[in-house]
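Examining the three-dimensional arrangement
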Amino acid sequence: MVLEVVAIAVWAMLPAYVPNNVAVLAGGGRPIDGGRTWGGKRVLGDGKTWRGTAFGIAAGLALALALDAIAGDAGSTLGVDLPGFPITAALALPAGAMLGDVGASFLKRRTGRERGAAFPGVDQLDFVVGALGLTALAARDWFGDVFEPPVLLAVLVLTPVLHVGTNVIAYQLGFKDEPW
Ligand code: CTP
Ligand code: MG
């Protein structure tokens, strides 16, 4: 029962987890804000680039489509009814994750935090809120079926743990400048 809830939570959120990590690897080039400032601070900063965002969304979308193709087999192997991903959800999960991350940088700059500064809580949950929010709008019925209250709770508890873990690993491998 608990294992089933956790399996569905991780499975359904995988297309939202991958974009941030791919953006770290693919990032660089022109920043989204084009260097513009607002109130004396960058609108978003150099850490949010078109390339990182585009590759992040593309990777999450590709993963969702791949998971959709194997949902039946993976589910019967695990003995869990794993959901497939309609195209609306396959797009909204990664796009929402990137949107949440960009929104967090906007808030970080408005509160005087430099690029790379930690914003505890926001850094760990920005992309979850973005992904769940956009998916609830774009794929309403699917969202309601998949993210039942226990699954939603599992996502909110597990995501910060997984996020901190992968970022520490990415930092130690030298892919990321800070461990958050
Ligand atoms: N990245 C990117 N585009 C994004 C998100 C991330 O190019 N939309 C890349 C950038 O190279 C960024 C790195 O991934 O520096 C790490 O991402 P993140 O920690 O989100 O950015 P920070 O550099 O820490 O900047 P911020 O303080 O705005 O979060
Ligand atoms: Mg950062």
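Residues numbered from 1 in each chain as written. Chains lettered and ligands numbered in written order. Predicted model: local features only at pLDDT ≥ 70, side-chain atom pairs only at ≥ 80, totals over all residues. Heavy atoms only, no water.

**Let's talk about the overall build of the protein**
Helix and strand counts for the protein come out as six helices and two strands. For the protein, the succession of helices and strands along the chain, N to C, is α-β-β-α-α-α-α-α. Since a compact globule built from 180 residues should have a radius of gyration of about 16 Å, the 16 Å found for the protein is in line with a globular shape. In the protein, buried positions account for 40% of the 180 residues. Within the protein, residue pairs in contact and separated by at least 24 positions form 71% of the contacts whose partners lie at least 6 positions apart. (Helix = DSSP H or I, 4+ residues; strand = E, 2+ residues; numbered from the N terminus. Rg over C-alpha atoms; globule rule 2.2 N^0.38 Å. Buried < 20%, exposed > 50% of the residue type's maximum accessible area, 1.4 Å probe, protein only. Contact = heavy atoms within 4.5 Å.)

**Describing helix 4 (residues 122–138)**
Helix length check: helix 4, at 17 residues, gives a terminal C-alpha distance of 23 Å against a target of 24 Å (1.5 Å per residue), a fit within 8%. Within the sequence span of helix 4, burial applies to Asp-123, Gln-124, Asp-126, Phe-127, Val-128, Gly-130, Ala-131, Leu-132 and Thr-135. On its buried face, helix 4 is in contact with helix 1 (2–26), helix 3 (87–110), helix 5 (140–146) and helix 6 (149–172). (Expected span 1.5 Å × (residues − 1).)

**Digging into the site of ligand 1**
Surrounding ligand 1, one finds 18 residues, the nearest of these being Lys-48, Thr-49, Ser-105, Arg-115 and Gly-116. A distance of 3.1 Å separates a nitrogen atom of ligand 1 from a polar atom in the backbone of Gly-47. A distance of 2.6 Å is found between an oxygen atom of ligand 1 and a side-chain nitrogen or oxygen belonging to Thr-49. Contact with the protein chains removes 89% of the 560 Å² of surface that ligand 1 exposes when unbound. Residue assignment for the shell around ligand 1 shows that the elements contributing at least two residues are helix 1, helix 2 (50–78) and helix 3. In terms of residue count, the dominant contributor to the shell around ligand 1 is helix 3 (four residues). (Near = heavy atom within 4 Å. Polar contact = N/O pair within 3.5 Å; in protein donor to acceptor, adjacent residues only side chain to side chain. Areas by Shrake-Rupley, 256 points an atom, 1.4 Å probe, with all protein chains shown as cover.)

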